[in-house]
Amino acid sequence: MKKLVIFFSCFAVVSCAELQQVVNNLPQGGEMNPTTIASGLRQALDFGIDKQVTKLTQKDGFYKNNLVKILLPQELTKVDRALRDIGLSSLADEGLLLLNRAAEDAVKTATPIFVNAVKEITFTDAKNILLGPNNAATNYLEGRTNNALYTEFNPVIKNSFQKVGADRIWENMITKYNTIPFVTQVNPDLTDYVTNQALKGVYTMIAVEENKIRSSVASRTTNLLRQVFALQD
């Protein structure tokens, strides 16, 4: 994924006076240049998206990350268990892997959605983010990108299922499960499920990096981050 040009790109079109008013309301804010505040917040989110979300687009980015690994929906846990009980563990494992592969494909489309969200930020948002909880920036992005990302992810995941044959594998799994005597027939919408799990994974990883920068001085690896986030300590 391309490194995002993120956060406060819109500041150039809003008056410095308005930003200064926000900065003056921050603890010790009068001592810091408004541009520095803007750049620090941009860099923090840039790190979160570039360092953490990028990991999700790589092979096993979801599958081998226990924070975001996509497991079976509740309706299909019994399918997984039943297949393993009758000696089809490899089939169950393959189906689970392909759910995560589809999510990895989808997250590659996230960058332009985040860029658009950044362009809409206000200075009130900036103040709330800087002085907010450890996931304030993540919450901001989630509130403004969730619907757009769902719309973008869903067809990618559907196509990914078709491309790698996941749709056939799951059809095979469910068909075999449904032949087991006395079971309740199942037919879940896996595309919707994996789309929502992929979204959850994206915001989880952004929040990981944001929390590190906010809570650990050692994680503020640039002078800019140390300067700006000292305001919220």
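What counts as what
- Residues numbered from 1 in each chain as written.
- Predicted model: local features only at pLDDT ≥ 70, side-chain atom pairs only at ≥ 80, totals over all residues.
- Heavy atoms only, no water.
- Helix = DSSP H or I, 4+ residues; strand = E, 2+ residues; numbered from the N terminus.
- Buried < 20%, exposed > 50% of the residue type's maximum accessible area, 1.4 Å probe, protein only.
- Contact = heavy atoms within 4.5 Å.
- Areas by Shrake-Rupley, 256 points an atom, 1.4 Å probe, with all protein chains shown as cover.
- Expected span 1.5 Å × (residues − 1).
- Arc of directions from axis to C-beta.
- Polar contact = N/O pair within 3.5 Å; in protein donor to acceptor, adjacent residues only side chain to side chain.
- Phe/Tyr/Trp six-rings, centres within 6.5 Å; stacked < 30°, edge-to-face > 60°.
- Lys NZ or Arg CZ within 6 Å of the ring centre and 35° of its normal.
- Salt bridge = Lys/Arg side-chain N within 4 Å of Asp/Glu carboxyl O.

With that settled, consider the overall build of the protein chain. Within the protein chain, the regular secondary structure consists of ten helices and zero strands. Start at the N end of the protein chain and walk to the C end: the helices and strands fall as α-α-α-α-α-α-α-α-α-α. When each of the 233 residues of the protein chain is scored for burial, the buried share is 49%. Of all intrachain contacts in the protein chain linking residues separated by at least 6 positions in sequence, the fraction that spans at least 24 positions is 82%. Counting every atom, the protein chain has about 11,500 Å² of accessible surface; 49% of that belongs to carbon and sulfur.

All right, on to the side chain of threonine 195 then. Mapped onto the fold, threonine 195 is located in helix H9 (residues 190-215). For threonine 195, a relative accessible area of 0% puts it in the buried group. Those residues in contact with threonine 195, other than ones at most four positions away along the chain, are Tyr150, Phe153, Asn154 and Ile157.

Let's shift gears to helix H8 (residues 166-178). Spanning 13 residues, H8 covers 18 Å between terminal C-alpha atoms, matching the ideal 18 Å at 1.5 Å per step. Those residues of H8 that fall on the buried side of the exposure criterion are Ala166, Ile169, Trp170, Met173, Ile174 and Tyr177. Seen from one end, H8 has its buried residues packed into an arc of 125 degrees, which puts them on one side. Facing away from the buried side of H8 by over 90 degrees, the exposed positions are Arg168 and Glu171.

Our next topic: unusual backbone geometry. Not every positive phi belongs to a glycine, and aspartate 60 is a case in point at roughly 70 degrees. By secondary structure assignment, the location of aspartate 60 is in the loop between helix H2 (34-56) and helix H3 (74-85). Residue aspartate 60 is classed as buried on the basis of its relative accessible area, which comes to 16%.

What follows deals with the side chain of glutamine 52. Topologically, glutamine 52 is positioned in helix H2. Taking the relative accessible area as the measure of exposure, glutamine 52 reaches 4% and is therefore buried. One polar contact links glutamine 52 to glutamate 209, side chain to side chain, over a distance of 2.8 Å. Contact partners of glutamine 52, with chain neighbours within four places excluded, come to Phe47, Met205, Val208, Glu209 and Lys212.

Applying the stated criterion across every chain yields a total of zero aromatic pairs. Directly above the ring of tyrosine 63 sits lysine 69, whose terminal nitrogen or CZ lies 4.6 Å from the centroid.

Let's shift gears to the pattern of salt bridges. Between side chains of opposite charge, a pair can form as their charged atoms come close. Applying the stated criterion across every chain, the model contains eight salt bridges. Arginine 101 serves as the salt-bridge partner of aspartate 60, at 3.0 Å between the closest nitrogen and oxygen. One end of the pair, aspartate 60, is in the loop between H2 and H3; the other, arginine 101, is in helix H4 (residues 89-107), and 41 residues separate them in sequence. Arginine 101 gets classed as buried once you look at its relative accessible area, which sits at 19%. Ionic pairing is found between aspartate 93 and arginine 84, a salt bridge with its closest N-O pair at 2.7 Å.

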